[in-house]
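So the chains spell out like this:
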Amino acid sequence: MFFHRYVDKIRKIMKKIIHKSGFLAGIFAIFLSGGCSTEEITGIPPGKEASIHFEIGSKESYARAVGDITPSVNRILILPFKKIDENAPNDTANFAPDYNKAKQLDVNSFPVIATIPALSASSTYMMMIIGYNRNDYDFTNQLNPSRRFSIGSVATPATLQNLYLQPVNTPDVPELFSCIGSGYFQNVMVGNYFKPTAINNIKGTLIRLVSGLTLDISNVPGYVSSITLVAEQLVSATRAVDGNPLLWQTPQDNGIKTIDKQIPVAGKVSFNKYMLPTLDARKTLFYLDVSYGAFTERYTMKVTDTPGIASGNRITFTPNHWVKITGDYAKINLGFTITGVINLDDNAWDGIQYSNP
């Protein structure tokens, strides 16, 4: 009897030791690993949901308007795209936005460190981040009449392939940035496609989607009361993932094409506008409507052919490129001569620096 009681007591002690040792060993293993996947940290089984940490950065030059030291991006939208069919290829056309899991954040500086909403652990995702100014858009109040752009799609269902950003007023383009986040497990990149249980961090760097145009005209005669810059056609919506045109005007339609109107000051006018990228397929002419007294005369803005930028007086705009044109009013019939090279210095806009020789 005594022997059996002694054995039972030993067994109970051994169970306690094994239990505690296992628990301590588990804690020690986590400590040594320096981090785990969401599944390892939370014990999330497939089909449940997982939250993921992310880090979004933006090069200082990308987050600022031209010539401005104040960051343009002070709000971001984190928008998960969930794979529609897990058996289909990892193509942008097979990922649909999960608006219920979207998260908007106001930011004051980069990088942004936060946690995205819980995602399905068994689904494959891509993660888009859109950057903008908080005065231009509010995801929580998408019909706000003061908004400067909207988010939509050219087809149903909406996918990463057809999702666009569209200015409310086509010629009034706000600064727009985006990127696709890359999933990481610890410090090893998994890629742009991932299951939440396979990563523990998402990283991305916002890149400017829009283009820019500067037109400076000097020696404007005193009898000219105003000069209006008008486009032949304009892109009206840009693909959020890469800035490709998804909706556009045509020369014959009734779309608003007036870029800006300037009154000469000391014989000069200057136009500075953001533009949606046209790429080569949607490049455009520009017209100058010159007003004096009760009369207005239209001139086609002529520019010299420049590879990748101007052809047949039509100008091509690409994301994060700024086209600068300077000219003398006396040459308005002959055309403005443009020269220059692409500036690839990321401390400033990537773009063309034009001057009139």
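What you are looking at is a predicted structure, and each value in this text was computed from that prediction instead of being measured.

The next subject is the overall build of the protein chain. Check the secondary structure of the protein chain and you find two helices and 27 strands. Taking contacts inside the protein chain between residues at least 6 apart in sequence as the whole, the part at least 24 apart equals 72%. Surface exposure of the protein chain reaches about 18,000 Å², of which carbon and sulfur atoms provide 55%.

Let us look at the sheet that holds strand β9 (residues 149-153). The sheet built from four strands is open, its strands ordered β9-β10-β17-β18 with antiparallel pairing. Looking at strand neighbours, the two that pair on one side only are β9 and β18 (245-248), the edges of this open sheet. Averaged over all adjacent pairs, the angle separating strand axes in this sheet is 30 degrees, with direction ignored. Summarising the sheet, strand β10 (residues 163-167) and strand β17 (residues 235-239) pair through two bridges and their orientation is antiparallel. Looking at β17, one finds that Leu165 is bridged to Thr238.

Any empty space left between the atoms is revealed when a probe the size of a water molecule rolls over them. Taken as a whole and judged by the stated rule, the model has one cavity of 30 Å³ or more. Approximately 70 Å³ is the volume found for the largest cavity. Residue lining of the largest cavity: Thr170, Pro171, Val173, Gln233, Leu234, Val235, Ile259, Tyr274, Met275, Leu276, Thr278 and Thr284, and that is the complete set. Along the lines of polarity and charge, the residues of the lining of the largest cavity split into eight nonpolar, four polar and no charged.

One open sheet holds the four strands; their spatial order is β19-β16-β21-β22, and the pairing between them is antiparallel. Each having just a single partner strand, β19 (258-262) and β22 (295-300) make up the two edges of the open sheet. Across the sheet, the axes of successive neighbouring strands diverge by a mean angle of 20 degrees, strand direction being ignored.

A few words now on the side chain of Thr124. In this fold, Thr124 is placed in the loop between β7 (119-120) and β8 (125-132). For Thr124, a relative accessible area of 8% corresponds to the buried category. The residues contacting Thr124, other than those within four sequence positions of it, are Phe81, Lys82, Lys83, Glu86, Asn90, Phe95, Tyr193, Phe194 and Lys195.

With that settled, consider the nonpolar core. In terms of nonpolar packing, the biggest core is built from 28 residues, with Leu215, Ile227, Phe286, Leu288, Met301 and Ile325 touching the most fellow members. Listing elements by their share of this core, those giving two or more residues are β15 (211-218), β16 (226-231), β20 (269-275), β21 (286-292) and β25 (321-328). Membership of the second largest hydrophobic core comes to 27 residues, among which are Ala102, Ile151, Leu160 and Val173.

Attention shifts here to unusual backbone geometry. Following Thr156, the chain continues to Pro157 via a peptide bond in cis, the omega torsion being 5 degrees. Checked against the element boundaries, Pro157 lands in the loop between β9 and β10. With a phi close to 55 degrees, Gln186 is a non-glycine residue in the positive phi region. Its place among the elements puts Gln186 in the loop between β12 (182-185) and β13 (188-191). Even without being a glycine, Asn219 presents a positive backbone phi close to 55 degrees. Here Asn219 lies in the loop between β15 and β16.

Moving on, we get to the pairing of β12. Remark: a regular strand shows side chains that alternate across the two faces of the sheet. In this structure, β12 lies alongside strand β14 (residues 201-208), joined through three bridges in antiparallel fashion. Bridge assignment links Ser182 to a residue of β14, and that residue is Lys203. Direction of pairing for β12 relative to β13: antiparallel, over a ladder of three bridges. Bridging from a neighbouring strand, Tyr184 pairs with Met189 of β13. The loop that links β12 with its antiparallel partner β13 comprises two residues; one of these, Gln186, has a positive phi angle of about 55 degrees.

Scanning the entire structure with this criterion turns up eight aromatic pairs. Judged by centre distance (5.5 Å) and plane angle (85 degrees), the rings of Tyr132 and Tyr137 are edge-to-face. Between the aromatic rings of Tyr132 and Phe149, the centroid separation amounts to 5.5 Å while the plane-to-plane angle is 75 degrees, which identifies the pairing as edge-to-face. Of the two residues, Tyr132 sits in strand β8 while Phe149 sits in strand β9, which places them 17 residues apart along the sequence. For Phe149, a relative accessible area of 0% puts it in the buried group.

Here the focus is the environment of Leu79. With respect to the element layout, Leu79 can be found in strand β3 (residues 75-83). For Leu79, a relative accessible area of 0% corresponds to the buried category. Setting aside chain neighbours within four positions, we find Leu79 in contact with Pro97, Asp98, Tyr99, Ala102, Met126, Met127, Met128 and Leu163.

Scored by pLDDT, the protein chain comes out at a mean of 79, with 74% of its residues at no less than 70. In the model, residues 58-69 has pLDDT below 50 throughout and makes 36 contacts with residues more than four positions away in sequence or in other chains.

Along β20, five of the seven residues are buried, which leaves the element largely enclosed by surrounding structure. Bridging between β15 and β20 involves seven bridges; their strand directions are antiparallel. Note on β20: the bridge partner recorded for Leu213 is Lys273.

Reading the values: rules and limits
- Residues numbered from 1 in each chain as written.
- Predicted model: local features only at pLDDT ≥ 70, side-chain atom pairs only at ≥ 80, totals over all residues.
- Heavy atoms only, no water.
- Helix = DSSP H or I, 4+ residues; strand = E, 2+ residues; numbered from the N terminus.
- Contact = heavy atoms within 4.5 Å.
- Areas by Shrake-Rupley, 256 points an atom, 1.4 Å probe, with all protein chains shown as cover.
- Pairing = 2+ DSSP bridges.
- Axes fitted to C-alpha atoms, helices over the stretch in contact; angles between N-to-C directions.
- 1 Å grid on protein atoms, 1.4 Å probe; cavity = no way out; pocket = protein on both sides within 12 Å on 5 of 7 lines; lining within 4 Å.
- Points joined across faces, edges and corners; volume = space filled by probe spheres on them.
- Nonpolar A, V, L, I, M, F, W, Y, C, P; charged D, E, K, R; others polar.
- Buried < 20%, exposed > 50% of the residue type's maximum accessible area, 1.4 Å probe, protein only.
- Core = buried A, V, L, I, M, F, W, Y, C linked by side-chain atoms within 4.5 Å.
- Phe/Tyr/Trp six-rings, centres within 6.5 Å; stacked < 30°, edge-to-face > 60°.
- pLDDT = per-residue confidence, 0-100.

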